[in-house]
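Per-entry structural report
Residues per chain are reported as follows:
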Amino acid sequence: VSALFITSFSWRNPHRKVMGGKPSSPPPPPPLLDEPWLQMEWGGRDTDLQFIKDYTPTADGQQQFRILLHGPVGAGKSSFINSVISSLEGRICHRAVAFNTGQSGFTKQYKTYRIQTGNQENMSPLVLNDMMGLENINLRHRRVHVKDVKKAMKGRIKDGYKFNPDCGLSETDPFYNKTPNVNDKVHFLVSVINADKVHLLADNVVEIIQEIRDEATDLGEKTFIYKKL
């Protein structure tokens, strides 16, 4: 499966404090591009949807193509899942409960979302996995988050596992998959980021996202950055 692969990115917080504790002046807004950075062919929507619906994995023993979404709390992972399912099933779906302002993140469990194609007996091989968002609370929480994401990419986390920001999944936990197969492993990693808050991302959060993407690359996974407007 081909995918858009973004090799690297680097964002800096314009409000970072400097010597003396005074914030630096925000930089001027970036200039508009003369041409779109990515040309999109919008006329082939029906063809693209049919291709996805007809897709079948080709690897030996592979019946599912697993897509994992990760990113900061409130970035729009659950909303993205609802949009994808709605588009492919041809009806409005709200299976993943989205984040509301004032919450610290709604998703607490590792959950798999499957997509119907046609009647209820036909399921698409494409499956989406949602997980707890990254919160910039302290170094310990960030490290636990990274370890859990890496375990998920390797197929080590079973569906329904409830994330604990203070302690990662252990090998003795009943939700730890000791013998993951090709269908349990993640094949595509999507980093979801709120586009209008990119400039507010702390440097350590950006480094965590980059570390997770580097790990995905080492595992042979494709990666994609989705910026929600």
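Residues numbered from 1 in each chain as written. Predicted model: local features only at pLDDT ≥ 70, side-chain atom pairs only at ≥ 80, totals over all residues. Heavy atoms only, no water.

1. Concerning the packing of helix α3 (residues 139-153) against helix α4 (residues 203-218)
Packing of α3 against α4 brings their axes to within 10 Å, and their N-to-C directions diverge by 20 degrees. Between α3 and α4, the crossing angle belongs to the class labelled roughly parallel. By crossing handedness, the relation of α3 to α4 is classed as right-handed. On α4, the residues that touch Arg142, Arg143, His145, Val146, Val149, Lys150 and Met153 of α3 are Asn204, Ile208, Glu211, Ile212, Glu215 and Ala216. A class-by-class count of the residues in the contact of α3 with α4 yields six nonpolar, two polar and five charged. (Axes fitted to C-alpha atoms, helices over the stretch in contact; angles between N-to-C directions. Helix = DSSP H or I, 4+ residues; strand = E, 2+ residues; numbered from the N terminus. Parallel < 35°, antiparallel > 145°, perpendicular 65-115°, else oblique. Left-handed = near helix turned anticlockwise from the far one by under 90°. Contact = heavy atoms within 4.5 Å. Nonpolar A, V, L, I, M, F, W, Y, C, P; charged D, E, K, R; others polar.)

2. Concerning the packing of aromatic side chains
The tally for this structure, following the rule as stated, stands at four aromatic pairs. Centroid distance tyrosine 161 to phenylalanine 175: 6.2 Å. Interplanar angle 55 degrees. Geometry classified as tilted. Of this pair, tyrosine 161 sits in the loop between α3 and β4 (188-194) while phenylalanine 175 sits in the loop between α3 and β4, and the two are 14 residues apart along the sequence. Ring pairs connect the aromatic residues Tyr110, Tyr161, Phe163 and Phe175, which therefore count as one cluster. (Phe/Tyr/Trp six-rings, centres within 6.5 Å; stacked < 30°, edge-to-face > 60°.)

3. Things to note about the nonpolar core
Core analysis: the biggest nonpolar cluster contains 25 residues, and Leu68, Tyr110, Met153, Ile157, Phe163 and Ile212 have the highest contact counts within it. Those elements that place two or more of their residues in this core are α3, β4 and α4. For this core, the element with the highest residue contribution is α4, accounting for six residues. Not counting residues within four places of it along the chain, the set of residues in contact with isoleucine 157 comprises Tyr110, Asp148, Lys151, Ala152, Phe163, Leu169 and Phe175. In this structure, Tyr55, Ile85, Leu128 and Phe188 belong to the second largest nonpolar core, which totals 19 residues. (Core = buried A, V, L, I, M, F, W, Y, C linked by side-chain atoms within 4.5 Å. Buried < 20%, exposed > 50% of the residue type's maximum accessible area, 1.4 Å probe, protein only.)

4. Here we look at the pattern of salt bridges
Across all of its chains, the model carries three salt bridges by this definition. One salt bridge in this structure joins arginine 143 and glutamate 211, with 3.1 Å as the shortest N-O distance. Separated by 68 residues along the polypeptide, arginine 143 in helix α3 and glutamate 211 in helix α4 bring together distant segments of the chain. Classification of glutamate 211 by relative accessible area gives partly exposed; the value is 24%. Ionic pairing is found between glutamate 211 and lysine 150, a salt bridge with its closest N-O pair at 3.4 Å. With glutamate 211 in helix α4 and lysine 150 in helix α3, the pair connects residues that are 61 residues apart, well separated along the chain. Each of Arg143, Lys150 and Glu211 takes part in salt bridges that share partners, so that together they form one network. (Salt bridge = Lys/Arg side-chain N within 4 Å of Asp/Glu carboxyl O.)

5. Observations concerning the environment of lysine 185
Inspection of the secondary structure puts lysine 185 in the loop between α3 and β4. Along the sequence, lysine 185 and methionine 153 sit 32 residues apart, while their C-alpha atoms lie 5.7 Å from each other. If we ignore the near neighbours within four places in the chain, the residues touching lysine 185 are Arg66, Met153, Lys154, Gly155 and Pro180.

6. Looking at a nonpolar patch on the surface
Residues Leu33, Trp37, Leu38, Met40 and Trp42 make up a contiguous nonpolar surface patch of about 670 Å² in total accessible area. Tracing the backbone shows leucine 33 in the segment before α1 (45-54). For leucine 33, a relative accessible area of 59% puts it in the exposed group. (Patch = residues over 30% accessible without salt bridge, like charges linked within 9 Å, V, L, I, M, F, W, Y side chains within 5 Å. Areas by Shrake-Rupley, 256 points an atom, 1.4 Å probe, with all protein chains shown as cover.)

7. A few points about the confidence of the model for the protein
Fine structural detail should not be taken from predicted coordinates in areas where pLDDT scores are low. Scored by pLDDT, the protein comes out at a mean of 77, with 78% of its residues at no less than 70. This stretch, residues 1-19, has a pLDDT under 50; its non-local contacts, to residues over four places away or in other chains, come to 48 contacts. (pLDDT = per-residue confidence, 0-100.)

8. Observations regarding α3
Between its first and last C-alpha atoms α3 spans 21 Å; for 15 residues at 1.5 Å apiece the expected length is 21 Å, and the two agree. The complete set of buried residues in α3 reads His141, Arg142, Val144, His145, Val146, Asp148, Val149, Lys151, Ala152 and Met153. Lining the buried residues of α3 we find β1 (65-70), β4 and α4. Looking one or two places after α3, you find glycine 155, whose phi comes out positive at around 80 degrees. (Expected span 1.5 Å × (residues − 1).)

9. A look at the side chain of glutamine 62
Within the element layout of this structure, glutamine 62 appears in the loop between α1 and β1. Using a relative accessible area of 13% as the deciding quantity, one classes glutamine 62 as buried. Within the structure, glutamine 62 has its side chain in polar contact with the backbone oxygen of glutamine 64 (distance 2.9 Å). There is a polar contact of 3.5 Å between the side chain of glutamine 62 and the side chain of histidine 187. Residues within four places of glutamine 62 in sequence aside, it is in contact with Pro57, Val182, Asn183 and His187. (Polar contact = N/O pair within 3.5 Å; in protein donor to acceptor, adjacent residues only side chain to side chain.)

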